[in-house]
There are 2 protein chains.
Amino acid sequence: MDFPPKSVTSTEVLGTQSRNCSVCSQHQLCLPTDLNECDTQRLDKIIGWRKIPRDGFLYRAGDPFTSLYAVRLGHFKSYQENLAGDRQITGFQMTGEMLGLDAINSAQHQCDVIALDDSEVCIIPFKTLEALIAQMPPLLHHFHRIMSQEITSEQKIINILGNMRAEQRFAAFLLNLSSHYAKRGYSPTQFQLRMSREDIGNYLGLTIESISRLISKMRNEGLIRVQQRNVEILDLPRLKKLAADIDTLNIKPF
Amino acid sequence: MDFPPKSVTSTEVLGTQSRNCSVCSQHQLCLPTDLNECDTQRLDKIIGWRKIPRDGFLYRAGDPFTSLYAVRLGHFKSYQENLAGDRQITGFQMTGEMLGLDAINSAQHQCDVIALDDSEVCIIPFKTLEALIAQMPPLLHHFHRIMSQEITSEQKIINILGNMRAEQRFAAFLLNLSSHYAKRGYSPTQFQLRMSREDIGNYLGLTIESISRLISKMRNEGLIRVQQRNVEILDLPRLKKLAADIDTLNIKPF
DNA sequence: CGTTAGTTTGAAAGAATTCAATGTTGGTGG
DNA sequence: CCACCAACATTGAATTCTTTCAAACTAACG
């Protein structure tokens, strides 16, 4: 069932990833599972493809919005800049995640998006997608779920920024990465940070020094092992307790 | 052009608000402007209606998701509760705004939503809406814009929580209310806060005492006038400068 | 008129930042 | 191959901002 459609030459599907949705490794993350083969191929036809080198822009705030992007390979960061020139990273995106949804309303991109790795994206022309969507109910609903998910994941950040202390924020951040990697079949306890300490700090509303101190503290407590950008979570349950604010240190005798 | 459709008796359209989209005062906020009369009436037919008393729940986190809600009258707050029982208000909603979009993905509501005023909502059964949407391209696109707008407005909060100091946060909060009221034809400089100081603090990641101090400070500086929940912005430009982090006090001589 | 919920104010404590210095890594060119 | 540089990261000390704790105040309501 994984052979390439006949319209595609064999060289085009060489490499670790195919350019076709039906054989893409992100299939279950990106596409509705109940889409039939025919509809999947119709979708294939409208989807383009692009490579972004490390530190390259996928798009910039203010760019006209024409397409959504699905991360096929690699990692991205999205940030907004305010009038004073301060930046706020609003999210990190990894394989299978959608970029550009925030631009639909104004037809202009709202963020700068930069690749943290050499990366690849699927280009999804939005007008075409909407036309297709109207004819394919499962895809319609799936697309709404994706947008809804985006809202939910931003609410998570609001929760982190709004009522967690520094240590909890960082714990929540690690746990979020952990579950994302787990969902993609990678180890939930060992992974590489794709972003600098500065990016992490910015994202979590903390300074780079605070991040550094938190890493040292958690390392000393045997919670994590960190070597540069390599992270190993040594005590996942305790990390979860920490992030959930269940203050194990303050258990009162009665 | 504003007479009620014949299927509706005259008593039903009495009062300040009609139950029909075509004559609803929120028309331009809620509906696509390029929807024809016939399509508007099809939409009318699926939309229900409900009153929520002050402090009443519109829905609770975990409730099964069946419908979206559009605020027709009044104000709401949405908040999430974490495992430790801490709450985080993720947004305040006023007339014309949509509630429940975050529930599409999981089919369960993600927030508790409470009315701050005696309020009224339109009930929009989601399955029916999706079916209708697929047949009405302008409505399809409009719905996507609404979801996109929700994403954008959450990014605003992330920006506030992620890199503003207390004073800027509160300034940004007031300005946000100001522009919302302006958009609805009310005064941008005089309005009533519908939420308690505690709610404001929670929303902005600050304590109630901090909010209180900020109000006092801004009052002393002639920026605002506050009498209980009545707010008057006395110096809008300066408030904007403050929120934008343009530090007028720190202009260096050379 | 007293009670209550919500708000304001003050003083002390705590959390995170700022500033400054030092350490580490990886790349580049001599 | 090594020395040096630049970018990134860590650590310490002082400062700043915000919270916490405590008390007093205010308006609304029965």
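Each remark here, short or long, concerns the structure printed above.
A short tour of the structure in this document, coming up. On a predicted model such as this, the values are computed, not experimentally measured, just so you know. (Residues numbered from 1 in each chain as written. Chains lettered and ligands numbered in written order. Predicted model: local features only at pLDDT ≥ 70, side-chain atom pairs only at ≥ 80, totals over all residues. Heavy atoms only, no water.)

Before going further, it helps to examine the overall build of chain A. Looking only at helices and strands, chain A features eight helices and 11 strands. Scored against the burial criterion, the 254 residues of chain A give a buried share of 50%. Within chain A, counting contacts between residues at least 6 apart in sequence, those at least 24 apart form 69% of the total. Total accessible area computed for chain A in this model is approximately 12,700 Å², and 52% of it derives from carbon and sulfur atoms. (Helix = DSSP H or I, 4+ residues; strand = E, 2+ residues; numbered from the N terminus. Buried < 20%, exposed > 50% of the residue type's maximum accessible area, 1.4 Å probe, protein only. Contact = heavy atoms within 4.5 Å. Areas by Shrake-Rupley, 256 points an atom, 1.4 Å probe, with all protein chains shown as cover.)

In this model, Ala107 of chain A sits at a positive phi of 65 degrees, which is unusual for a non-glycine residue. Position of Ala107 of chain A relative to the elements: it lies in the loop between β6 (98-99) and β7 (112-115). Look at Asp55 of chain B: it is not a glycine, yet its phi comes out positive at around 70 degrees. Within the secondary structure, Asp55 of chain B sits in the loop between β1 (48-52) and β2 (57-59). With relative accessibility at 52%, the residue Asp55 of chain B sits in the exposed group.

A common way to report how large an interface is uses the accessible area buried once the components associate. Across the contact, 42 residues belong to chain B and 41 residues belong to chain A. Three residues stand out in chain B for area buried against chain A, namely Asn105, Ile151 and Ile158 of chain B, and they jointly supply 17% of the buried area on that side. On inspection of chain B and its partner chain A, the count reaches zero salt bridges. Our count for the contact surface shared by chain B and chain A stands at 27 residue pairs in polar contact (both at pLDDT 80 or more). When contributions to the side of chain B that touches chain A are tallied by element, the ones reaching two or more residues are β5 (87-93), α3 (126-133) and α4 (137-163) of chain B. Ranked by residues supplied to the side of chain B that touches chain A, first place goes to α4 of chain B with 19 residues. Taken together, the residues that form the side of chain B that touches chain A break down as 18 nonpolar, 16 polar and eight charged. (Buried area = accessible area lost by both parts, 1.4 Å probe. Salt bridge = Lys/Arg side-chain N within 4 Å of Asp/Glu carboxyl O. Polar contact = N/O pair within 3.5 Å; in protein donor to acceptor, adjacent residues only side chain to side chain. Nonpolar A, V, L, I, M, F, W, Y, C, P; charged D, E, K, R; others polar.)

As a matter of local geometry, DNA strand D sits amid 16 residues, with Arg197 and Ser216 of chain A together with Ala166, Ser210 and Arg213 of chain B nearest to it. The contact atoms of DNA strand D, taken as those within 4 Å of the protein, divide so that sugar and phosphate hold 67%. A distance of 2.8 Å is found between a phosphate oxygen of DNA strand D and a side-chain nitrogen or oxygen belonging to Arg197 of chain A. With respect to DNA strand D, the side chain of Glu209 of chain B contributes an N or O atom lying 3.2 Å from a base nitrogen. Secondary structure elements with two or more residues in the surface near DNA strand D: α7 (208-220) of chain A together with α7 (208-220) of chain B. The residue inventory of the surface near DNA strand D, partitioned by class, reads two nonpolar, seven polar and seven charged. (Near = heavy atom within 4 Å.)

Okay, the relation of the copies chain B and chain A next. The transform that puts chain B on chain A rotates by 180 degrees and translates by 0.0 Å along the axis, for an RMSD of 0.0 Å. This pairing of chains is accounted for by a two-fold axis. Of every C-alpha in chain B, the one belonging to Ala134 of chain B sits nearest the axis of rotation, 2.2 Å from it. Comparing contact sets, 98% of the residues at the interface of chain B also lie at the interface in chain A, consistent with an isologous, same-surface contact. (Least-squares fit on C-alpha atoms with pLDDT ≥ 70 in both.)

Let's shift gears to the sheet that holds strand β9 (residues 190-192) of chain B. Residues and elements named next belong to chain B. Ordered in space as β9-β11-β10, the three strands form an open sheet in which the pairing is antiparallel. With one partner strand each, in any of the chains shown, β9 and β10 (224-227) form the two edges of the open sheet. Pairwise comparison of adjacent strand axes, ignoring direction, gives a mean angle of 15 degrees for this sheet. Summarising the sheet, β10 and strand β11 (residues 230-233) pair through four bridges and their orientation is antiparallel. Pairing of Ile224 across the sheet is with Ile233, part of β11. (Pairing = 2+ DSSP bridges. Axes fitted to C-alpha atoms, helices over the stretch in contact; angles between N-to-C directions.)

Moving on: the protein's contact with DNA strand C. The local shell around DNA strand C holds 15 residues, among which Ala166, Ser210 and Arg213 of chain A together with Ser212 and Ser216 of chain B are the closest. Sugar and phosphate atoms represent 67% of those atoms of DNA strand C found within 4 Å of the protein. Within the contact set of DNA strand C, a phosphate oxygen lies 2.8 Å away from a side-chain nitrogen or oxygen of Ser212 of chain B. Contributing elements (two or more residues each) for the surface near DNA strand C: α7 of chain A together with α7 of chain B. Considering each element in turn, the surface near DNA strand C owes the most residues, four residues, to α7 of chain B. Per-class residue counts for the surface near DNA strand C are two nonpolar, seven polar and six charged.

Moving on, we get to the nonpolar core. One broad trend across soluble globular proteins is that nonpolar side chains are buried collectively. Residues Phe170, Phe173 and Leu204 of chain A together with Phe170, Phe173 and Leu204 of chain B are the most contacted members of the largest nonpolar core, which totals 74 residues. Discounting residues that sit within four places of it in the chain, Phe170 of chain B has contacts with Ile200, Leu204, Ile211, Leu214, Ile215, Met218 and Ile224 of chain B. Counting residues in each nonpolar core, the second largest holds 52 residues, with Met98, Ile146 and Ile151 of chain A together with Phe65 of chain B among its members. (Core = buried A, V, L, I, M, F, W, Y, C linked by side-chain atoms within 4.5 Å.)

Burial along strand β10 (residues 224-227) of chain A is one-sided: Ile224 and Val226 of chain A are buried, and none of Arg225 and Gln227 of chain A, which face the opposite way, are. If you look at the hairpin formed by β10 of chain A and strand β11 (residues 230-233) of chain A, you'll find two residues sitting between the two strands, and Gln228 of chain A has a positive phi there, around 55 degrees.

Our next topic: the packing of helix α4 (residues 137-163) of chain A against helix α5 (residues 166-183) of chain A. All names here are of chain A. Here α4 crosses α5 at 160 degrees, and the two axes come no closer than 9 Å. Between α4 and α5, the interaxial angle falls into the category roughly antiparallel. When α4 is examined against α5, the residues Lys156, Ile160, Leu161 and Asn163 are found in contact with a partner set consisting of Gln168, Arg169, Ala172 and Asn176. Its residues assigned to classes, the contact of α4 with α5 comprises three nonpolar, three polar and two charged. (Parallel < 35°, antiparallel > 145°, perpendicular 65-115°, else oblique.)

All right, on to the sheet that holds strand β2 (residues 57-59) of chain A then. Working definition: the strands of a sheet are paired by backbone hydrogen bonds and lie parallel or antiparallel to each other. All names here are of chain A. Across the sheet, four strands lie side by side as β2-β7-β4-β5; this open sheet has antiparallel pairing. Single-partner strands in this sheet number two, and they are β2 and β5 (87-93). If you compare each strand with its neighbour and ignore which way they point, the axes differ by 30 degrees on average. Looking at chain direction, β2 and β7 are connected through two bridges and run antiparallel. Counted as the bridge partner of Tyr59 is Val113 from β7. On top of the sheet, helix α6 (residues 197-204) reaches β4 (76-81) and β5; it is set at about 105 degrees to β5, its chief contact.

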